[in-house]
Amino acid sequence: MAVTEAERDAMHRALALAANGPRGLNPQVGAVILSPAGDVLAEGWHRGAGTPHAEVDALSKLAPGQASGATAVVTLEPCNHTGRTGPCAQALIDAGITRVVYALDDPGDTSSGGAERLRAAGVEVVAGEQADASRRLLEDWLSVQRLGRPHVTVKWAQSLDGRAAASDGTSQWITGADARADVHRRRAEADAIVVGTGTVLADDPALTARDGDSLYAHQPIPVVIGSRGTPAGAAVHRHPHAPLFYDTRDLAAVLADLRVRGVQRVFVEGGPTLASAFIAAGFADTVLAYIAPVLLGGERLALADIGVATIDDALRLQVEQWMPLGADLLAIAHPVTDPVAGEEGI
């Protein structure tokens, strides 16, 4: 079924509305109600656990009967379960909505099925409009729902010839100020920032998210993985959050524990051994490669062994975006077989 221009515009608006909602255990969802003529009647978004879902929030702004014959445009399939609130699919039916356009299927075991309920009630349903944009917005929540673990972003900075450091081990700074500012902005979006003990011992990073000389309001929890001890005077101990230390090579166990602690978005900073371990284990949902136009040579590669023995085993990535950052270039990529998307690419 074709999507109208008004519905397409409404989905763009619904995605913008969804981003207003808080990230957390519940998805960020936006909704727009359109009249039969395609005019916007109401808008809504989910403001957090226990509050009305986006569809109900939008419907609450309409007079009784005003939604009759209208179209609901929603970024996620209307839910089909009763929790703190009732099923949104039934609320749309009761309001007289006759058409629903949504972006992404709900992956929940109990919350999915809204589309079937709507169709059974005679509502016309169109799925998949701007699904990729909705998936990017919800990637951390989707990882938790589908994989039972946080969404993992693996980041590294490298020279044009793939080195993370010079032969003497020095690595600050391969990239320029614009790239470093982008890294800090992305740190501030994460719930936890993860490094290995080798990075702590070699670079003594603060693991904070900084906006110039100031700290961002949201700071990721610092996480250090490895068996080597961390000096008492290390900068990580002065982080606004108490650091977490894991003396284990079991990354699945680390992610499981972080999930229990409420972490949904993990930012893996380094170094090469740890980044490679996350990739080799299949835990890298997003890859950020900051590439500087310098040549270093030598053996200090940005990645170590990731389990690729032959070209046929190569981990294929789909680049979502090439982003210029001053003189540097950021590649934002995802594994071609993306377990969160459930299909090729994101």
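Scroll up to find the structure.
Note that the coordinates shown come from a computational prediction; the quantities given were computed from them, not determined experimentally.

What counts as what
- Residues numbered from 1 in each chain as written.
- Predicted model: local features only at pLDDT ≥ 70, side-chain atom pairs only at ≥ 80, totals over all residues.
- Heavy atoms only, no water.
- Helix = DSSP H or I, 4+ residues; strand = E, 2+ residues; numbered from the N terminus.
- Rg over C-alpha atoms; globule rule 2.2 N^0.38 Å.
- Contact = heavy atoms within 4.5 Å.
- Areas by Shrake-Rupley, 256 points an atom, 1.4 Å probe, with all protein chains shown as cover.
- Salt bridge = Lys/Arg side-chain N within 4 Å of Asp/Glu carboxyl O.
- Buried < 20%, exposed > 50% of the residue type's maximum accessible area, 1.4 Å probe, protein only.
- Phe/Tyr/Trp six-rings, centres within 6.5 Å; stacked < 30°, edge-to-face > 60°.
- Lys NZ or Arg CZ within 6 Å of the ring centre and 35° of its normal.
- Pairing = 2+ DSSP bridges.
- Axes fitted to C-alpha atoms, helices over the stretch in contact; angles between N-to-C directions.
- Polar contact = N/O pair within 3.5 Å; in protein donor to acceptor, adjacent residues only side chain to side chain.

Colleague: So what exactly am I meant to see when it comes to the overall build of the chain here?
Modeller: A count of helical and extended segments in the chain gives 10 helices and 17 strands. For the chain, the C-alpha radius of gyration of 23 Å lies close to 20 Å, the compact-globule estimate for 346 residues. C-alpha extents for the chain along the principal axes are approximately 70 × 40 × 40 Å. For the chain, the share of sequence-separated contacts (at least 6 apart) that also reach a separation of at least 24 residues comes to 71%. Summed over its atoms, the accessible surface of the chain is roughly 15700 Å², and 51% of this surface lies on carbon and sulfur atoms.

Colleague: How should I be thinking about the pattern of salt bridges in this particular structure?
Modeller: Any two side chains of opposite charge can pair, so long as their charged atoms come close to each other. Here the structure, examined in full by the defined rule, presents 17 salt bridges. Across the pair Arg136 and Glu320 runs a salt bridge, and its minimum N-O distance is 3.8 Å. One end of the pair, Arg136, is in helix α5 (residues 131-137); the other, Glu320, is in strand β14 (residues 317-325), and 184 residues separate them in sequence. Given the relative accessible area of 33%, Glu320 is considered partly exposed. The network of salt bridges with shared partners includes Asp182, Arg185, Arg186 and Glu189.

Colleague: What is the right way to read the packing of aromatic side chains from this model?
Modeller: We describe a pair of aromatic rings using the distance from one ring centre to the other and the angle between the two ring planes. In total, this model carries zero aromatic pairs according to the counting rule given. If you follow Arg47 out to its NZ or CZ, it ends over the ring of Trp45, 3.8 Å from the centre. One Lys or Arg, Arg180, reaches over the ring of Trp173 and ends 4.5 Å from the middle of that ring.

Colleague: Help me out: how do you make sense of the environment of Gly226 in this one?
Modeller: Mapping Gly226 onto the fold places it in the loop between β10 (221-225) and β11 (244-246). We classify Gly226 as partly exposed; its relative accessible area is 23%. Sequence separation of Gly226 and Ala103 is 123 residues, and the distance between their C-alpha atoms is 41 Å. When residues no more than four places from it in sequence are discounted, the contact partners of Gly226 are Thr197, Tyr246 and Asp247.

Colleague: Can you walk me through the sheet that holds strand β12 (residues 265-270) in this structure?
Modeller: Here eight strands make up an open sheet; going across it, the order is β11-β10-β7-β12-β6-β13-β15-β14 and the pairing mixed. What marks the edges here is a single partner per strand, and that holds for β11 and β14. Between one strand axis and the next, the sheet turns by 20° as a mean value, whatever way the strands run. The sheet contact formed by β10 and β11 spans three bridges and is parallel. Bridged to Val223 within β11 is Leu244. Together, β6 (151-159), β12, β13 (286-292) and β15 (328-335) form the strand contacts of helix α6 (residues 139-147), whose direction differs from that of β6 by roughly 125°. Strands β6, β10, β11 and β12 of the sheet are contacted by helix α9 (residues 251-260), whose axis makes an angle of about 155° with β11.

Colleague: Hey, could you run me through the side chain of Thr286 in this one?
Modeller: Along the chain, Thr286 turns up in strand β13. Since its relative accessible area comes to 5%, Thr286 is described here as buried. Side-chain polar atoms of Thr286 contact the side chain of His151, separated by 3.0 Å. Those residues in contact with Thr286 that sit more than four places away from it in its chain are Glu139, His151, Val152, Thr153, Val154, Ile332, Ala333 and His334.

Colleague: Where do I start with the side chain of Gln219 in this structure?
Modeller: Topologically, Gln219 is positioned in the loop between β9 (214-215) and β10. On the basis of relative accessible area, Gln219 is assigned to the buried category, the value being 5%. Polar contacts involving the side chain of Gln219 include one to the main-chain carbonyl oxygen of Tyr216, which spans 3.0 Å. If near-sequence neighbours (up to four positions away) are discounted, Gln219 is found in contact with Thr208, Ala209, His239, Pro240 and His241.

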